[in-house]
Amino acid sequence: MKRLVKGPIGIFDSGFGGISVLKEIERILPGYRYIYLGDTARAPYGTRSMEVVHTFTEQAVDFLFKQGCRIVIIACNTASAEALRKVQQEYLPKHFPDRRVLGVVVPALEEAVRVTRSGRIGVLATGGTVRSGKFPRELRKIDKNMHVVQQAAPLLVPLVEEGEYRSPAAMLILRKYLVPLKRAGIDTLILACTHYGHFEGAIRRELGSRIKIVSEGKVVARKLKEYLARHPEMAVQLERRRGTVFYTTDLTERFRVIGAALLGRPVRPKKAVLGS
Ligand code: DGL
């Protein structure tokens, strides 16, 4: 009989954004082992071409599988929108057919469809995610009667990466992106970039209580829990030993400081070399 190999859950983002997803996953699924990978040397991804985002994403997934991960969550909309399908259809069957790669786009859309009343859903995302057309395309598959209003917010990722998500300048920029969405009459807004989870409080205050906010951290964590309940064959492969290891592709003081502020505990990443 084949011996059951157990391993951690991998969580990948271009930088800090995925920490908002990790935080919720650790809360709802404690007792598992996690490996977080931030491709800080090459972030942001949102301004890059689809081809490059795909190459980077495949290298990141490959790194996490080689660390023994059984499941990898791509906690990055840009990578989920531009690379997930190809990684699932081409890379996975060839290299690790018994492992899984999950993304954040479909879980976020399913949640938005569940909470919207008017069917007008706003999507605040990076330029790459907006250009990919992934959100409107996937939404049409879920429910043809829904309408998506997209807004690219290219300056928000650098603000989070700089730890500037509470400054007056950040609030001014945030408002500039939210006004068109408010004018478009949305009743639900997806924070379709995991970095934006760090702006959730400010966005709630700006939009008021009539517009519902779908923040991916909580949604993705809940969907992962449901996924493991539906797939016991994957759940048994997960190591039940509490602890999270961090890797980044560039070792900077900044990741330690901002990561710790976002997560509320010390973060000491090791260096990852991707694409080797
Ligand atoms: N956190 C990312 C996302 O969800 C990535 C942003 C970026 O690297 O541009 O899209």
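For the structure given in this document, a descriptive report is provided here. All of these numbers come straight from a predicted model, not from anything done at the bench. (Residues numbered from 1 in each chain as written. Predicted model: local features only at pLDDT ≥ 70, side-chain atom pairs only at ≥ 80, totals over all residues. Heavy atoms only, no water.)

Considering the sheet that holds strand β10 (residues 270-271)
Thought 1: Reading across from one edge, β4-β3-β1-β2-β9-β10 is the order of the 6 strands in this open sheet, with parallel pairing throughout. Among the strands making up the open sheet, the edge pair consists of β4 (100-102) and β10.
Thought 2: Pairing between strand β3 (residues 71-74) and β4: 3 bridges, direction parallel. Looking across to β4, one finds that Val72 is bridged to Val101.
Thought 3: Against the sheet, helix α11 (residues 216-230) contacts β1 (9-13), β3 and β4, and its axis sits at roughly 155° relative to β3. (Pairing = 2+ DSSP bridges. Helix = DSSP H or I, 4+ residues; strand = E, 2+ residues; numbered from the N terminus. Contact = heavy atoms within 4.5 Å. Axes fitted to C-alpha atoms, helices over the stretch in contact; angles between N-to-C directions.)

Here's the deal with empty space enclosed by the protein
Thought 1: Applying the stated rule across the entire model yields 1 cavity of 30 Å³ or more.
Thought 2: The volume enclosed by the largest cavity comes to roughly 30 Å³.
Thought 3: If you trace the largest cavity, you find it lined by Ser20, Leu191, Cys193, Thr194, Tyr196, Gly197, Ser215, Glu216 and Gly217.
Thought 4: Looking at side-chain class alone, the lining of the largest cavity contains 3 nonpolar, 5 polar and 1 charged residues. (1 Å grid on protein atoms, 1.4 Å probe; cavity = no way out; pocket = protein on both sides within 12 Å on 5 of 7 lines; lining within 4 Å. Points joined across faces, edges and corners; volume = space filled by probe spheres on them. Nonpolar A, V, L, I, M, F, W, Y, C, P; charged D, E, K, R; others polar.)

Details of the packing of helix α5 (residues 105-115) against helix α7 (residues 134-142)
Thought 1: Where α5 meets α7, the axes come as close as 10 Å, and the angle between the chain directions of the two elements is 55°. Between α5 and α7, the angle is such that the two are oblique. Our pair here, α5 against α7, has a crossing hand that is right-handed. Residues Val105, Val106, Leu109, Glu110 and Val113 of α5 form the contact with α7, whose participating residues are Lys134, Phe135, Glu138, Leu139 and Ile142.
Thought 2: Tallied by class, residues from the contact of α5 with α7 come to 7 nonpolar, no polar and 3 charged. (Parallel < 35°, antiparallel > 145°, perpendicular 65-115°, else oblique. Left-handed = near helix turned anticlockwise from the far one by under 90°.)

Some details on unusual backbone geometry
Thought 1: Here the residue pair Ala43 and Pro44 is connected by a cis peptide bond, since its omega of 0° sits within 30 degrees of zero.
Thought 2: Inspection of the secondary structure puts Pro44 in the loop between β2 (33-38) and α2 (50-66).

Some points on the environment of Leu189
Thought 1: Looking at the secondary structure, you find Leu189 in strand β7 (residues 188-191).
Thought 2: A residue is classified by how much of its surface remains accessible, and Leu189, at 0% relative accessible area, is buried.
Thought 3: With 15 residues separating them in the primary sequence, Leu189 and Arg204 have C-alpha atoms 10.0 Å apart.
Thought 4: Non-local contacts of Leu189, meaning those with residues more than four positions away in its chain, are made with Gly122, Val123, Leu124, Leu178, Leu181, Ile203, Leu207, Ile211, Lys212, Ile213 and Val214. (Buried < 20%, exposed > 50% of the residue type's maximum accessible area, 1.4 Å probe, protein only.)

Quick look at helix α9 (residues 168-183)
An α-helical segment advances 3.6 residues per turn. Residues three or four places apart therefore align on the same side.
Thought 1: Between its terminal C-alpha atoms α9 stretches 23 Å, which fits the 22 Å expected from 16 residues at 1.5 Å a residue.
Thought 2: Bending of α9 peaks at approximately 25° at the position of Tyr177, with proline Pro180 no more than four residues after it.
Thought 3: Buried residues along α9 sit against β5 (120-125), β6 (147-152), α8 (156-161), β7 and α10 (200-207).
Thought 4: Phi for Gly185, located one or two positions after α9, is positive at around 75°. (Expected span 1.5 Å × (residues − 1). Bend = angle between axes of the 7 residues up to and from the residue.)

Remarks on the pattern of salt bridges
Pairs may arise between side chains of opposite charge once their charged atoms sit close together.
Thought 1: Under the definition given, this model contains 18 salt bridges.
Thought 2: A salt bridge links Glu206 to Arg175, with the shortest nitrogen-to-oxygen separation between them at 3.0 Å. In this pair, Glu206 sits in helix α10 while Arg175 sits in helix α9, placing the two residues 31 residues apart along the sequence.
Thought 3: Arg175 gets classed as partly exposed once you look at its relative accessible area, which sits at 36%.
Thought 4: Residues Glu226 and Arg222 are paired through a salt bridge, measuring 3.8 Å at the closest nitrogen-oxygen approach. In this pair, Glu226 and Arg222 both sit in helix α11, 4 residues apart, roughly one turn of the helix.
Thought 5: Judged by its relative accessible area of 36%, Glu226 falls in the partly exposed class.
Thought 6: Because the salt bridges share partners, they merge into one network encompassing Arg85, Lys134, Glu138 and Lys141. (Salt bridge = Lys/Arg side-chain N within 4 Å of Asp/Glu carboxyl O.)

Quick word on α11
Thought 1: Along its 15 residues, α11 runs 20 Å from first to last C-alpha, staying within 8% of the 21 Å computed at 1.5 Å per residue.
Thought 2: When α11 is considered as a whole, its buried residues turn out to be Glu216, Gly217, Val219, Val220, Ala221, Leu224, Tyr227 and Leu228.

Brief notes about the side chain of Arg70
Thought 1: Mapped onto the fold, Arg70 is located in the loop between α2 and β3.
Thought 2: For Arg70, a relative accessible area of 6% puts it in the buried group.
Thought 3: Residues contacting Arg70, with those up to four places away along its chain left out, are Val5, Lys6, Gly7, Pro8, Phe65, Asp98, Arg99, Arg100, Met234, Gln237 and Leu238.

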